[in-house]
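# Breakdown of the fold
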Amino acid sequence: MISATLLGQSVLSGFFAGCLYALLGLGLTLTWRYLKVINLAHFAFVLIAAYLTFQLVGKNGLNPLLVAVILIPVFFLAGVAQQALIEHYKVNEFASIILTFGFAMIAEAGLQWIWSADYQKLEAHYMRGSLQVAGLFLPISDIVMSLVAISLCVMVWAAMRYTWLGKALRASLDNPGIAAAFGVPNRKLSYLVAGASGASTAIGGIFVALLSTLAPSQIFSWLGVVFAAALLGGLGSPIGILAAGILLGVSEHVTMAITAPSWAPVVPFTLLMVILLLWPERI
Amino acid sequence: MGAQTARLRRDWSPYAIAIAFIGFALLPAFKPPAFVESFLYLLFFWIALATSWAIFSGFTGYVSFGHGAFYGAGVYTLANVASHYSFWWGLIAAGLVSATLGVAIAAIVFRTRLRGELFALLTLALAIVLATIILNTPVDGGPGLYLIGVSLPNFYGSPASTLYLLIMCVGMMSLATAWFVQQSKLGRGLFAISDDEDVAEILGVPTYAYKLIACGISSALAGIAGGIHAVFVNYVTVSGTFNLEVPLFVLLMSVLGGARSWIGPAIGAVFITLLNNLFVSGDYALLIRIGIGLTLVLTTLYMPEGIVGLFHTSWRRKALPLTGSQTPSGHADAPLAASIAPARQYQPTGETLVRLEDISLAFKGVRALDGVNMEVRKGEILGLVGPNGSGKSTLINVMSGFYKPDGGRIFLSGENITALSGHLVARNGIARTFQIPRPFGRMSVLDNVIVAAMFGSEQLPERAARERAMHYLGFVGLDTRAHALPSDLNLHQRKFLELARALASGAKLVMLDEVLAGLTPSEITSAIAMVRRIHSADTTIVFVEHNMRAVMELTHRLVVINQGKVIAEGDPRKVMQDAAVVAAYLGTSDAED
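Nothing here was measured: the structure is a model prediction, and the numbers come from that model.

### Describing the overall build of chain B
- If you tally the helices and strands in chain B, you get 25 helices and 12 strands.
- Looking at chain B as a whole, 50% of its 593 residues are labelled buried.
- In chain B, of all internal contacts separated by at least 6 residues, the share reaching a separation of at least 24 is 75%.

### Notes on the overall build of chain A
- Each helix and strand counted, chain A has 12 helices and 2 strands in total.
- Beginning at the N terminus, the succession of helices and strands in chain A can be written as α-α-α-α-β-β-α-α-α-α-α-α-α-α.
- For chain A, the C-alpha atoms occupy an extent of roughly 60 × 50 × 35 Å along the three principal directions.
- Within chain A, the proportion of its 283 residues that are buried is 49%.
- A fraction of 78% describes how many contacts in chain A between residues 6 or more apart in sequence connect residues 24 or more apart.

### Some details on the interface of chain B and chain A
- Facing the 31 residues of chain B at the interface are 33 residues of chain A.
- Mapped onto the side of chain B that touches chain A, the elements with two or more residues apiece are α5 (87-109), α6 (116-136), α12 (245-257) and α14 (282-302) of chain B.
- By residue number, the principal contributor to the side of chain B that touches chain A is α6 of chain B, which donates 12 residues.
- The residue inventory of the side of chain B that touches chain A, partitioned by class, reads 24 nonpolar, 5 polar and 2 charged.

### Focus on the domain arrangement of chain B
Residues and elements named next belong to chain B.
- For chain B, the assigned domains are domain 1 (17-244) and domain 2 (349-592).
- Domain 1 and domain 2 are separated by 44 Å when their C-alpha centres are compared.
- Between domain 1 and domain 2, the contact holds 16 residues from the first and 19 residues from the second.
- Only α8 (185-195) and α9 (197-202) provide two or more residues apiece to the side of domain 1 that touches domain 2.

### Here we look at the pairing of strand β6 (residues 407-412) of chain B
Residues and elements named next belong to chain B.
- Relative to β6, strand β3 (residues 352-363) runs antiparallel, the two being bridged by 5 bridges. Paired with R355 across the bridge in β6 is F411.
- Note: β6 against strand β7 (residues 415-416), 2 bridges, orientation antiparallel. Looking at the pairing, F411 lines up with N416 of β7.

### Things to note about unusual backbone geometry
- Within the chain, K31 of chain B stands out as a residue other than glycine whose phi angle is a positive 50°.
- Not every positive phi belongs to a glycine, and Q459 of chain B is a case in point at roughly 50°.

### Some remarks on the sheet that holds strand β4 (residues 366-377) of chain B
Residues and elements named next belong to chain B.
- The strand order across the open sheet built from 4 strands is β4-β3-β6-β7, with neighbouring strands paired in antiparallel fashion. The sheet is open, and its two edges are formed by β4 and β7, each paired on a single side.
- Sheet analysis places β3 next to β4, joined by 9 bridges and oriented antiparallel. Paired with A362 across the two strands is R367, which belongs to β4.
- Contacting β3, β4 and β6, helix α17 (residues 392-399) runs over the sheet at an angle of about 65° to β4.

### Some details on the packing of helix α11 (residues 238-258) of chain A against helix α12 (residues 266-278) of chain A
Residue and element names in this part refer to chain A.
- At a minimum axis distance of 7 Å, the contact between α11 and α12 shows a crossing angle of 135°. Considered as vectors, α11 and α12 are oriented oblique to each other. Here L248, S251, E252 and T255 of α11 come into contact with α12, specifically with V266, V267, P268 and L271.
- Class assignment of the residues belonging to the contact of α11 with α12 gives a composition of 5 nonpolar, 2 polar and 1 charged.

Analysis parameters
- Residues take numbers from 1 onward in each chain, read along the sequence in its written order.
- Chains carry letters and ligands carry numbers; both start at the beginning, A for chains and 1 for ligands, and go up in the order they are written.
- Local features in this predicted model are restricted to residues of pLDDT 70 or higher, and side-chain atom pairs are both shown and tallied only at a pLDDT of 80 or more, whereas totals for entire chains, interfaces and linings draw on every residue.
- Under the DSSP-based scheme used, a helix requires at least four consecutive residues in state H or I and a strand at least two consecutive residues in state E, with every element numbered from the N terminus.
- For every residue, the other C-beta atoms within 10 Å of its own C-beta are counted; 20 or more classify it as buried, 12 or fewer as exposed, and values in between as partly exposed. C-beta atoms are placed from the backbone.
- Here, residue contact means that the backbone-derived C-beta atoms of the two residues sit within 7 Å.
- Three classes are used, and their members are as follows: Ala, Val, Leu, Ile, Met, Phe, Trp, Tyr, Cys and Pro are nonpolar, Asp, Glu, Lys and Arg are charged, and the others, Gly among them, are polar.
- An automatic or database domain assignment supplies the residue ranges for each domain.
- For two strands to be treated as a pair, DSSP must find no fewer than two bridges joining them.
- To obtain each axis, a line is fitted to C-alpha atoms, and for helices this fit is confined to the stretch in contact; angles are then taken between N-to-C directions over 0 to 180 degrees.
- Should an angle fall under 35 degrees it is taken as roughly parallel, and over 145 as roughly antiparallel, whereas 65 to 115 is taken as roughly perpendicular and any remaining angle as oblique.

Set out below in C-alpha cells:
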C-alpha cells in the first residue's frame, strides 16, 4: 500500500498536469465546436511559442511577462490568419485535420532546423522554488500555471455565459444564415474565436517552456491526452475541459504511483472509451 | 464516381493488377540491386497498409486512428506465435487476431450511433490502451522481442527477396480486395453509408453488418502486413510499433491519393514513399518533411478529392455537356400528361397492410407519440395530417424503422415488424421519402436509385437494378439527368429523385413526407399527378401533407394527429369538419365550449 503522502503528492501533480491539459486544450475545444476545425496545428503553435520563450527568456534574457506581451498578439493574428485560409478555401472538418497536420509537420521540421531535435531546458530564475504544505511540495511555477489555466477557463466560460458572445456563437453554430439575418457577424466572430485560440497557445507555450523540457516532437505527444480531455469535457465547454483535464491528469498520476509509470495511459483512455461507449450523447 | 467511369469504359483494372503481380513476382529473378528490393518492400508495405485502411475508413468515411493497433496486433501475434510454431501459422494467426480485434471493436462501437470524430478518437484511445497492455504483459514485457528462430520460407534463395515477395503479395491482395469491394454490392453500401448512413439504412443497406465486414477485412490485411513486417525488422518494440507513424501515414497517403477509390491510397503511398526515400541522407530529411507537410496543405486546398479526384473531375467535365444540355424545366412537365388519369380507381378491399397498435415514443420526457392506433389499408392513399410538431414525421420514422417505439407494436401484412432494424423494414417493402431531400451527395442520380433497387425489397442484382433505376428515373422525368450529381438538381427534381428511390426499392408501401412543401403551384400540380401515377401502379401510399387541396384531392382516408394522438380518422370530407380537428388546427374557441 502506498503512503498517504505519496498519494497526496501524485494527486497534486496530477492536478497540475490536468490544468496544463486544460490550458493547452481550451482553444482546441472552442475551435472544434464552434468553427468545425480540428486543429492539430494548435500544438505546433504551442511549441513555437515555447521555443520563442526559450530563446527570448533563456538566451536573450527578456522578462517572461514582456515575452507574453509580445507573443500573445502575434499568435492571435496567426490564429486569425489560419482561419482566414480555412474559410477562403472552405476546408471542411475532416480536411482540416489533414491541413493542420501539414502545418504541424512543417513547424516540427522548422523547429528542429533552428533548435535541433535535442531536448532543451529553459534555465532562468523565474518561478523557482516551491511551497511546502502538510508535507506536500507545491512548485510555484505549477501554482502560477494552474491559476492562469483555471482563471482563463472560468473567464471564457463567463464570457460565453453572460455576454452576447456566447449567444451569438451558439446562434451562428446552429444556423449561420439566420444568425446573420439577426445581425450576428459570423465571420468576425469566427476570427475572434480563432484569434483567442491562437492567443491561448502563446500563453500555453510560455508555461510549457517554463515548466518542462522542450523537443520538437512534443507537438505530437500532447495530442492524445488533450484530445481526450476536450472530448470528455464536452466539445466547446471551458469548464468541461478543465474538469476533464484534471480528471485525466489525476488518474494518470495516481496510476503511476500505484503501479508502474508505463501503465499510466491505460486509466484515462479506458475511461474515455467507456464514456464514449456508454454515453455517446454526453459528448 | 469510380464505378461509373468503370462502366462507361471497359474496366481493365483486374487485368492490370494481375499483370503487375506477375511482373513484380518475377522481378527477383533478374537479380536487381539490393536497394531496389528494399525500396519496393517499403512501397508495398505502405500500399498494403494504406489500401487496407481505405477499405474501411476511406469507403465509409469513418476515419480510424486505430490502424496502428490492428497492424501492431499483427506484429506481436506473429512475433509470439511464429517463435513457437511456424512462420505460416504466425501469419495466419496475425490475420485472424487483427480481424477479430477489428470486428469486435466495430461490433461494440457501432452499437451506439457514434459520430465520426468520436469514432476517430475512440480508435486512437484503443491503440494507446493496446500498446500499454502489450508493454506491461508477457506479450512484450518491456524490452521488446527478438524474432530468433523464425524460419522463413525460401524464395529466390535470399531472405530479402522472400520478404519482398511476401509483402508484395499482401500489397497486391489489398489492391485486388479494394477493387473487388468497390465494384461489389458491399462497396455500394459502404459508399452510401459514407454519404448518409441513416438514409442508407432506410433504403435497406445493412449498415451495421457492412461496417463490421469492412472493418474485419481492413484489419485482417493490416495484421498480415504487420506480421511480415515483424520478420523484416527482426526486433519489435512497443514504441517502434505503436507510434503515430502508421495511423497518420495511411491517412495522409489515402487523402493524398483519394480515399474513396481503390487505387487512390496506393498512388498516395507511392508518392510519399518516394519522397521519404529519394533523399535518404540526413541533410535532406528535414526538407523532405517540410515537402510532405506542404504537399498535404496544398492537396487539401486544391485537390480535396486527392490525385484520383483530378481524373474524375476531368472525366465529369467531358461527360456533363452530354447529359446536362436539357433545361431542368423541360421534364418537370413530363408527368403532366398522365394527370388526366382517373381520379380514384381504388376499390376498397378493407385488407389491412400495416397496423399500428398503441405506439408510444418519448424524447427526453416529451411524448412525441402517445398511444397511436391506426391502420393503412392495402391499395389506398392514406392522408396523414396534423399541425406542426404533432408527431407526423415521428410516426413515419417509427414506421420505417428509423426510431424504435418505447411501447406498442407494428404489423406489416400481419407480421410483427416492431423490432426490425431499418434495413429489414425496407426489405419487407416499406419505403419513404424525406421532407428535405437527402440524396447521396457524391453519387450520381442514377447510382442513388440503383442503391435503392439493389438493397430494397427485391434485392436486385446490379444489371437488373440499373434497368429498374433507369425505368423509374424515366417515370419521374429525371432520365436525362441520370449522370448528374444531386447538387446539380433543383429542389423539385431532388424531391422526384427521392420518389424514384422509394419506387425503385419495389416497396408495397411508400410514405411521402411533405413532397409538396417548397414547390411552386405548377410543380405541385405535376407532383400531384405523379402521386396518382404511383398509386395506379398498385402501390399503397401514406401521404403526409399540409397542402389541404392536395390532401382532399388525393386521399381516400384521412388520419389526423395532434400532440402525438390520433384525434380523428375516416372519410377526408367528414374528418375535416370534425370539431376536434378544427380545434387542433384553429385553436379552441374559448368560453363557449
